[in-house]
Amino acid sequence: MPAVTLEIAEGLARAALAEWGFDAAAPLVLLKNRENFVYRLDVDGLAYVVRVHRRGYHSDAELACELDFVRALHAEGVSVPEFIPAPNGSGFVVVGDASTGGRHQVDLQRLIPNTGMFGDERSAVAGTADLDPADFGRLGRLLGELHAATERSGYAMAVPRDDWDLEGLIGSEPAWGDPLRLAELAGEDRALVSRAIERVRARLDAYGTPAHRFGPIHADLTPENVLRTETGLVIIDFDDFAAGWHLFDLATALYFFTPHPRATEYRTALFAGYESVRPLDAADHDVFPAILLARGLTYLGWSADRRGEPTAEWHAGTVLPHVVRLARRLLED
């Protein structure tokens, strides 16, 4: 099957519009083209987001599970997107079976008016991101509300997804690939990271997976997946949602800011905001460096399988030394 071009993706989005009863010729504006193709749709004074999912990333049952989770959070008052069911009651439609692009899932959600994102990965790593620690306090509180709502709603995974458990993070076949396959990770650094992986394994194994520590999480809380709005922060893009440690969401929120000059302030504020909703104990704080490193390792594995893509090359070159530093700190602890 040929790669999905912008032209093909727009055709898929337009085919999906008809399923919701919209004019297939309605104006579409491309908002994002990374893993998914995301468009803005304006119809009759209302604004929507049309998301064309990457082909084959999730089964229909897995995607339905994701949208059910977001709906459960929305019902609990958490600041997340609002999805529009298809006329047949499904959370998404499937189009393209007979097209060049092939079969694709498409969902529709209300556009969230925003003033931008929480930040971006590159300025965070470069240390040039100009964020106030109070921003991280607000984000921590929102994360606490998300995890508390998950427990309160009693939500359970309807179907298995690639969990962010011990095997999914650092097992023999990690969900996002083996970080040790990254060619740039060599020599003493590779040996150091290998030792650190065993330390991560021991700490997470001892930490365990009780319900107050492990359950459905967002799992991709990068700065680009947090919107700033007039009423506060909103978490978007639950593409990688699955079962994992709650601290993994905090680790993702902080990971790209670990090289930042204000990293310690940001971490303190994030945890303070979180603990204003869900208190943590000493074991949570003790294990966090291991989970933070595990988060970094997932990006190295992701990059090893996507060589040539700009983001993968950035991780392999610019970000890799920071992962090695996290590994060294863990071993020295």
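Residues numbered from 1 in each chain as written. Predicted model: local features only at pLDDT ≥ 70, side-chain atom pairs only at ≥ 80, totals over all residues. Heavy atoms only, no water.

Asker: Which parts of the structure should I look at to understand the sheet that holds strand β4 (residues 93-95)?
Answerer: Whenever strands of a sheet pair, they do so through backbone hydrogen bonds, lying parallel or antiparallel. Taken in spatial order, the five strands line up as β1-β2-β3-β5-β4 in an open sheet, and their pairing is antiparallel. In this open sheet, the two strands that pair with only one neighbour each are β1 (28-33) and β4. Strand-to-strand, the axes of this sheet are offset by a mean angle of 30°, without reference to chain direction. Two strands pair when backbone bridges link them, and β1 and strand β2 (residues 37-43) are joined in this way by five bridges, in the antiparallel orientation. Within β2, the residue paired with Leu-30 across the bridge is Tyr-39. (Pairing = 2+ DSSP bridges. Helix = DSSP H or I, 4+ residues; strand = E, 2+ residues; numbered from the N terminus. Axes fitted to C-alpha atoms, helices over the stretch in contact; angles between N-to-C directions.)

Asker: What am I meant to see in the packing of helix α7 (residues 246-255) against helix α8 (residues 263-275) here?
Answerer: For any two helices packed against each other, one specifies the crossing angle of their axes together with the interaxial distance. Their axes nearest at 11 Å, the elements α7 and α8 cross at an angle of 145°. Here the hand of the crossing between α7 and α8 comes out right-handed. From α7, His-246, Leu-247, Leu-250, Ala-253 and Leu-254 reach across to α8, where they touch Tyr-266, Arg-267, Leu-270, Phe-271 and Tyr-274. Of the residues contributing to the contact of α7 with α8, the split by class is eight nonpolar, one polar and one charged. (Left-handed = near helix turned anticlockwise from the far one by under 90°. Contact = heavy atoms within 4.5 Å. Nonpolar A, V, L, I, M, F, W, Y, C, P; charged D, E, K, R; others polar.)

Asker: Just to check I follow, could you spell out the packing of aromatic side chains for this structure?
Answerer: Within a pair of aromatic rings, the relevant descriptors are the distance that separates the centres and the angle that separates the planes. One pass over the structure, following the stated rule, counts 18 aromatic pairs. Both rings, one in Trp-164 and one in Trp-176, keep their centres 5.3 Å apart while their planes meet at 80°; by these two values the pair is edge-to-face. Here Trp-164, found in the loop between α4 (133-153) and α5 (166-170), pairs with Trp-176, found in the loop between α5 and α6 (187-207); they are twelve residues apart in sequence, far enough to count as distant. Here Trp-164 and Trp-176 have matching classes, each one buried. On the numbers, 5.8 Å between centres and 90° between planes, the contact of Phe-257 with Tyr-266 is edge-to-face. Both residues of the pair, Phe-257 and Tyr-266, count as buried. Members of the aromatic cluster, each reached through a chain of ring pairs, are Trp-164, Trp-176, Phe-248, Tyr-255, Phe-256, Tyr-299 and Trp-314. Against the face of Tyr-57 rests Arg-54, its NZ or CZ located 3.4 Å from the ring centre. (Phe/Tyr/Trp six-rings, centres within 6.5 Å; stacked < 30°, edge-to-face > 60°. Buried < 20%, exposed > 50% of the residue type's maximum accessible area, 1.4 Å probe, protein only. Lys NZ or Arg CZ within 6 Å of the ring centre and 35° of its normal.)

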